[in-house]
Amino acid sequence: MKFVDYVTVTVRSGKGGAGSVHFRREKFEPNGGPDGGDGGEGGSVIVEGDGHLYTLLDLRYNRHHFAKDGEPGGGSGKSGKAADDIVLRAPLGTVVKDGTTGEVLGEVVHEGDRIVVAQGGRGGQGNTHFKSPTNQAPRYAQPGEPGQEREIVLELKLLADVGLVGFPNAGKSTLVSSLSAAKPKIADYPFTTLEPNLGMVSVGDYRSFVMADIPGLIEGASEGRGLGHQFLKHVERNAVLLFCVAADAVDPGARYATLLGELEAFSPHLMSKPRMVALTKMDIVGPDLADAWVEEARAGFPDGVDVVPISAVARQGLDRLKERLWTFVEAEREAADQEAADDFEG
């Protein structure tokens, strides 16, 4: 299935039904009063989070969503039928914006989160609401309120525990395929990965986390070079960042610094995320030179940066990498739970 993370759709809610102007006309009620019923509400258009989806593909090919109008009221106090709402299901992590102003209308982060993007018009009141001692036979009722029509933009930013960041051909896809059941495209040329891939990584003992393979970045990605902005937006929603730097790079530390600079230029908020480095493709170094190679590479990284040498092909160092990542993921989940609890109590 094709990965789609950006769509523009037109939505329109239904207008409310008109209230009824009606009077009782029965054989034994010659002077029956007003009994016009209310009109029904127009249908709304709602975006709802669905944890079973991971792409906006369905909405790409269905770009117009128009809800029906509410039915008018009737006599004998009968209310018109309200129109059904239209529910657009979107993957978790979808941001909804007004297509004209760019205003963020909301985002769906949890299963069942709902955003009303076009509110249905209220039904008009029937003439029975306007009777009074001085106006016992009102001959007017309210019309239904009009619906709303607007263009909205849905932009998916992947929700994952760990996001892989690196230059093309840094071994990110190979790592995801080795740690999970995901099968991203792998080849020996740059930009093999053209869309993000998600994989579930099992650490054992009922511990697991979601890893996102984000397509390779190039220098200048924060300025839109390559597909920079299209890829970088997915990094924003990852709790932990794993920088993948190939062991055969001329200067691994400089590569890490370049990647870090691109993230900071795109969004300074990314600098507050926990991060570590996987020194990939260690199988090309060989066991005799591995220790010295790693020590020399680590010298080029800033103090405090956790550098883990691995080989996804030879499956070396993967268990240690998973355990280290789990430490970060667990801490982030506990912090998120505590924040949610504080918000609930507040």
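Note that the structure is a prediction, hence the values are computed from the model and not measured.

Q: Just give me the short version of the overall build of the chain, but keep the residues and values in it.
A: In terms of regular secondary structure, the chain is built from six helices and 14 strands. Carbon and sulfur atoms form 49% of the exposed surface of the chain, whose accessible area is close to 17,900 Å².

Q: Kindly report on the sheet that holds strand β7 (residues 114–118), identifying the contributing residues and their values.
A: Across the sheet, which stays open at both edges, the three strands sit in the order β4-β2-β7 with mixed pairing between neighbours. Each end of this open sheet is capped by a strand with a single partner; those strands are β4 (86–90) and β7. Strand-to-strand twist in this sheet, taken as the mean axis angle between neighbours without regard to direction, amounts to 25°. Note that strand β2 (residues 45–49) and β7 share four bridges and pair antiparallel. In the sheet register, I46 faces β7, and the bridge partner there is V116.

Q: How would you summarise the pairing of strand β13 (residues 275–280) if you had to cite specific residues and measurements?
A: Here β13 lies mainly inside the structure; five of its six residues are buried. Where strand β12 (residues 238–246) meets β13, six bridges bridge the pair, whose relative direction is parallel. Paired with A246 across the strands is T280, a residue of β13. The pairing of β13 with strand β14 (residues 307–309) spans three bridges and is parallel. Residue pairing across strands places A278 opposite V308, the latter belonging to β14.

Q: Describe unusual backbone geometry, listing the residues and the values that go with them.
A: In most cases, non-glycine residues show a negative phi, while peptide bonds are predominantly trans. The phi torsion at S76 lies on the positive side, around 60°, for a residue other than glycine. Here S76 lies in the loop between β3 (64–66) and β4. Even without glycine at this site, R315 takes up a positive phi of about 55°. Tracing the chain through its elements places R315 in the loop between β14 and α6 (318–345).

Q: Before we move on, could you go through the packing of aromatic side chains and cite the residues and values that matter?
A: In the structure shown here, the tally under the stated rule is three aromatic pairs. Judged by centre distance (5.5 Å) and plane angle (55°), the rings of Y256 and F301 are tilted. Here the residue Y256 occupies a position in helix α4 (residues 252–266), and F301 occupies one in the loop between α5 (287–298) and β14, the gap between them amounting to 45 residues. Assessed through its relative accessible area of 3%, Y256 is described here as buried. Assessed through its relative accessible area of 5%, F301 is described here as buried. Ring-pair connections join several aromatic residues into one group, and the members of that group are F243, Y256 and F301.

Q: Tell me about the pattern of salt bridges, and please be specific about residues and values.
A: Applying the stated rule across the entire model yields eleven salt bridges. Here E149 ties to R12 by a salt bridge, and the two come within 3.7 Å at their closest N and O atoms. Within this pair, whereas E149 is found in strand β8 (residues 149–156), its partner R12 is found in strand β1 (residues 6–12), the two being separated by 137 residues in sequence. By relative accessible area, which is 33% here, R12 ends up partly exposed. Note that D98 and R150 form a salt bridge whose closest N and O atoms lie 3.0 Å from each other. With D98 in strand β5 (residues 94–98) and R150 in strand β8, this pair connects stretches of sequence that are 52 residues apart. Its relative accessible area of 23% is what places R150 among the partly exposed residues. One salt-bridge network, held together by shared partners, links E48, R89 and R114.

Q: Tell me about the environment of L158, and name the residues and values.
A: Structurally, L158 is set in the loop between β8 and β9 (160–166). According to the relative accessible area criterion, L158 is buried, its value standing at 5%.

Q: Account for helix α2 (residues 172–179), naming residues and giving values.
A: Counting buried residues along α2, seven of its eight residues qualify, which places the element largely inside the surrounding structure. Residues K172, S173, L175, V176, S177, S178 and L179 constitute the buried set of α2.

Q: With reference to specific residues and values, describe the confidence of the model for the chain.
A: Overall, the predicted model of the chain reaches an average pLDDT of 84, with 87% of residues at or above 70. Taken together, the stretch residues 185–193 has pLDDT below 50 and engages in 20 contacts with residues farther than four places along the chain or on a different chain. Taken together, the stretch residues 225–229 has pLDDT below 50 and engages in ten contacts with residues farther than four places along the chain or on a different chain.

Q: Now, about α5: what can you tell me, with residues and values included?
A: For α5, spanning twelve residues, the distance from its first C-alpha to its last is 17 Å, which sits close to the expected 16 Å at 1.5 Å a residue. When we look at burial in α5, the residues that qualify are A290, V294 and A297. Each buried residue of α5 lies within a common arc of 70° when the element is viewed along its axis, so the set occupies one face. Summarising the geometry of α5, the exposed residues directed more than 90 degrees from the buried face are D288, D291, A292, E295 and E296.

Each value, and the rule that gives it
Residues numbered from 1 in each chain as written. Predicted model: local features only at pLDDT ≥ 70, side-chain atom pairs only at ≥ 80, totals over all residues. Heavy atoms only, no water. Helix = DSSP H or I, 4+ residues; strand = E, 2+ residues; numbered from the N terminus. Areas by Shrake-Rupley, 256 points an atom, 1.4 Å probe, with all protein chains shown as cover. Pairing = 2+ DSSP bridges. Axes fitted to C-alpha atoms, helices over the stretch in contact; angles between N-to-C directions. Buried < 20%, exposed > 50% of the residue type's maximum accessible area, 1.4 Å probe, protein only. Phe/Tyr/Trp six-rings, centres within 6.5 Å; stacked < 30°, edge-to-face > 60°. Salt bridge = Lys/Arg side-chain N within 4 Å of Asp/Glu carboxyl O. pLDDT = per-residue confidence, 0-100. Contact = heavy atoms within 4.5 Å. Expected span 1.5 Å × (residues − 1). Arc of directions from axis to C-beta.

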